[in-house]
Amino acid sequence: MNEMNNRDIIAKGSKVLMHTYARLPLAIVRGEGCRVWDGDGKEYLDFVAGIAVNSVGHCHPKVVAALQKQAATLIHASNLYWLPGQGEVGAKLAEITGLERVFFCNSGAEANEGALKLARKYAKLKGHRERFAVVTMERSFHGRTLATLTATGQAKVQKGFEPLPNGFRYVPYNDFDAVRVAAADDVCAVLLEPVQGEGGVIVADAAYMQTLAAFCRERDILLILDEVQTGVGRTGTFFAYEHFGIRPDILTMAKALGGGGPVGAFMAREEVAAAFAPGDHGTTFGGNPLMMAAARAVLAVMEEEKLADNAAAVGAYLTEKLETLRRRFPVLGQVRGLGLLLGVVCGAEVAPIQKACLEKGLLLGAAGPKVLRLMPPLTIGKKEADEALAILAAALKDLEDNKNEVNE
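Since the model is a prediction, treat every value here as computed from it, not as a measurement.

Chemist: What am I meant to see in the side chain of histidine 128 here?
Modeler: Inspection of the secondary structure puts histidine 128 in the loop between helix 5 (108–125) and strand 5 (133–137). We classify histidine 128 as buried; its relative accessible area is 19%. With near-sequence residues (within four places) excluded, histidine 128 lies in contact with Ala123 and Asp220.

Encoded structure:
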């Protein structure tokens, strides 16, 4: 048996780690492609992918090779100097988005923090000194720092951290009239996710996004899109906003950009980015050579393997098969999402389904108590999709049979 088995890893962690996660009784010690192994050697098909992080799969050979090479050359030197990789990764992101400037950081929350700062600074420099507030959406999720949890439209993540920072206003998602009413003279930006991941895998309406973008442009209100979860191919396009034919003023990303390493970024069009002067913002580790090597490899793999196209194709296949599965199991309801970010609304809490799938070798996520969330590596094919669906069906059948036995 592996000397670092599940029991040992869990026991060691339980003694010293803060209790901030409701962890499953599983210790993952190795990953390859779309599969992971626990400390006892059991294999799992991974449809969580580190919460949409491992989009090119676990330990992709090209990402591993890039990290190994860079780790032996230069890991860190700080942004007091020009660092290798930042220009190359930034140029590729600019080419993809049409946004001219980028700031590299370490996480999605940090990217959103930077975007909020930039929006306020831009408003002041444009002569809108009264503008500081940001309109965000109910059921959104933007991070765990004080500012980003306040931007998050969910009371459950804010409870206990009062008083919260001033300057955020919440409106229902997909309701343009609510945004228009909320966007008073003190508003500098509107912040939203093109697909609400944590909020239940809810997709924005195209007309809503287009009307919102036009409104923000007319009012000189910045449109900030949080693509921390949806970016880098997840929804079948490189960024989810492409589905709607719009472009944000500020764009945030993280998760998949580093292939498993901590890489975040926010981008802005030239005029907006120019609001930041030296000393206005910074980070110690953001954009370090090690993580830029990882990001450069991820972007190359995404392009070479056409993973955004694969996400669209396999996502459509999964959706079709999940719709078929609904007819067999009444507990399964609406299937929604884009690409390989899918949610299945359930008629009961999903924790027992997750547990039953875990026991059979499939890792599934959740987006609230009654929504299963599927976000596998973008490298999966129909074979892995079928395997996951077979495990899900078997788990649902067991739960159904157990329920019938109890009722009898």
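Chemist: I would appreciate a short explanation of the sheet that holds strand 15 (residues 362–363) in the present structure.
Modeler: Strand pairing in a sheet takes place through backbone hydrogen bonds and is either antiparallel or parallel in direction. Overall, mixed pairing links the four strands, which are arranged 1-2-3-15 in an open sheet. The sheet is open, and its two borders are formed by strand 1 (28–32) and strand 15, each paired with just one other strand. Direction of pairing for strand 3 (residues 43–46) relative to strand 15: parallel, over a ladder of two bridges. The partner of leucine 45 across the bridge, within strand 15, is leucine 362.

Chemist: It is not clear to me how the packing of aromatic side chains should be interpreted in this structure. Could you clarify?
Modeler: The geometry of an aromatic ring pair comes down to the distance between the two centres and the angle between the two planes. Taken as a whole and assessed by the stated rule, the structure comprises six aromatic pairs. Ring plane angle 10 degrees and centroid distance 6.1 Å describe the contact between phenylalanine 239 and tyrosine 241, whose orientation is recorded as stacked. Tyrosine 241 shares its class with phenylalanine 239; the two are buried. Taking 6.4 Å as the distance between ring centres and 80 degrees as the angle between the ring planes, the aromatic pair formed by phenylalanine 266 and phenylalanine 276 counts as edge-to-face. Here phenylalanine 266, found in strand 12 (residues 264–268), pairs with phenylalanine 276, found in the loop between helix 10 (270–273) and helix 11 (289–304); they are ten residues apart in sequence, far enough to count as distant. An aromatic cluster is built from Phe103, Phe266 and Phe276, whose rings are joined through pairwise contacts. A cation over an aromatic ring shows up here: arginine 30 above the ring of tryptophan 37, its NZ or CZ 3.9 Å from the ring centre.

About the cut-offs
Residues numbered from 1 in each chain as written. Predicted model: local features only at pLDDT ≥ 70, side-chain atom pairs only at ≥ 80, totals over all residues. Heavy atoms only, no water. Helix = DSSP H or I, 4+ residues; strand = E, 2+ residues; numbered from the N terminus. Buried < 20%, exposed > 50% of the residue type's maximum accessible area, 1.4 Å probe, protein only. Contact = heavy atoms within 4.5 Å. Pairing = 2+ DSSP bridges. Phe/Tyr/Trp six-rings, centres within 6.5 Å; stacked < 30°, edge-to-face > 60°. Lys NZ or Arg CZ within 6 Å of the ring centre and 35° of its normal.

Keep in mind these numbers describe shape, not what the thing actually does.
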